[in-house]
Amino acid sequence: MKIYNLAGYSIILSYIAAAVYFAPAHLGPWMGLLIGGVYFVFCWFVAGLYLADVLHLGIAHRSLDYKEWFMKFVTVVNNVFGLYVGPIAWVNRHRLHHKNADHAGDPNKLADDGCWRTFYLCVMPYQCIDNMAVDEILRSRTFRVVEHPVFAIVAQAFSFYLFWKLVGNLKFVLAMWIGIRIFAQWVNMVQNYWTHTRTFGYCRYHDDDDNAMNIGEWLPVTATFSACFQNNHHHYPRLLRLSHDESEYDFGFMTVKVMKYLGLVKATTTGEQVPKDLPLAALDF
Ligand SMILES: [Zn+2]
């Protein structure tokens, strides 16, 4: 088993064990497992919608055109009840990452940064050398408020308190709260380290001046909402899907298609432009 899969499954199993072990006596282990599971799935799913679907393809690359109210709704829900990630800083870091991928100016990682260095950088990225996040939506009041550090602290403290009061046991809530954040750090490592180091994954486009690779197994693809097809994505960053072949399982794209069906999103002109050498016969969107 690949090291990133081993790490991912180990974290999930440890989370399950912690949910059972720390389950409060008045609820019992099965109820503890159910609550822990719902919290895990909720945080993962909303973070995927927020980061991979809305911030990444909707705002940073403008491949998808979402309803404005929906982008704001997902942003608020994720950052209050789920895992906080400042939207403006993220979009700026991501654009700088594409502009300078694996070179000086990439806030996520330089070519020579190893596993533990990148692990640290996931939490404390390199200083951004430029401001590439001046979009109108990012200047809206909702986004500016959510970006503020006071909002981050108050919102996260509020949802933690709410979770604690609902369950009625501090140790259990703390274990789940920390557990999902360890999982999130693993997801971050899949994107910033394992798919940006040539030793892992596979490469479809060999002539690019970066270390972006594709990882296509079920767990990393599902966990990252497909943001682990980095070699595909860095080669054609404006395309609205990250899988470039029918054989590549693409969970993120499935969620986008459901949102399209619900009338929440449509393709932008650049997002639906299919490059000539793409192995896909049709975009299927
Ligand atoms: Zn990108």
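**Notes on the pattern of salt bridges**
Applying the stated criterion to the full structure yields eight salt bridges. Residue Lys72 is joined to Glu68 by a salt bridge in which the shortest nitrogen-to-oxygen separation is 2.8 Å. Note that Lys72 and Glu68 are positioned in helix 3 (residues 68–81) at a spacing of four residues, about one turn of the helix. On the accessibility criterion, Glu68 (45% relative accessible area) is partly exposed. Its salt-bridge partner being Lys99, residue Asp130 comes within 4.0 Å of it at the nearest N-O pair. Linking Asp130 in the loop between helix 5 (115–123) and helix 6 (141–147) with Lys99 in helix 4 (residues 87–100), this pair joins segments that are 31 residues apart in sequence. Judged by its relative accessible area of 38%, Asp130 falls in the partly exposed class. Since its relative accessible area comes to 54%, Lys99 is described here as exposed. Where salt bridges share partners, they join Arg62, Arg95 and Asp135 into one cluster.

**What to know about the coordination of the zinc ion**
Within the protein, His56 (NE2), His61 (NE2), His94 (NE2), His98 (NE2) and His233 (NE2) serve as the donor atoms for the zinc ion, at 2.0 to 2.1 Å. Ordering the donors of the zinc ion by residue number gives the pattern H-x4-H-x32-H-x3-H-x134-H. Within this pair, whereas His98 is found in helix 4, its partner His233 is found in helix 10 (residues 230–235), the two being separated by 135 residues in sequence. Comparing His98 with His233 shows no difference in burial state: the two are buried.

Definitions and cut-offs
- Residues numbered from 1 in each chain as written.
- Predicted model: local features only at pLDDT ≥ 70, side-chain atom pairs only at ≥ 80, totals over all residues.
- Heavy atoms only, no water.
- Salt bridge = Lys/Arg side-chain N within 4 Å of Asp/Glu carboxyl O.
- Helix = DSSP H or I, 4+ residues; strand = E, 2+ residues; numbered from the N terminus.
- Buried < 20%, exposed > 50% of the residue type's maximum accessible area, 1.4 Å probe, protein only.
- Donors = N, O, S within 2.8 Å, 3.2 Å for Na, K, Ca; no water.

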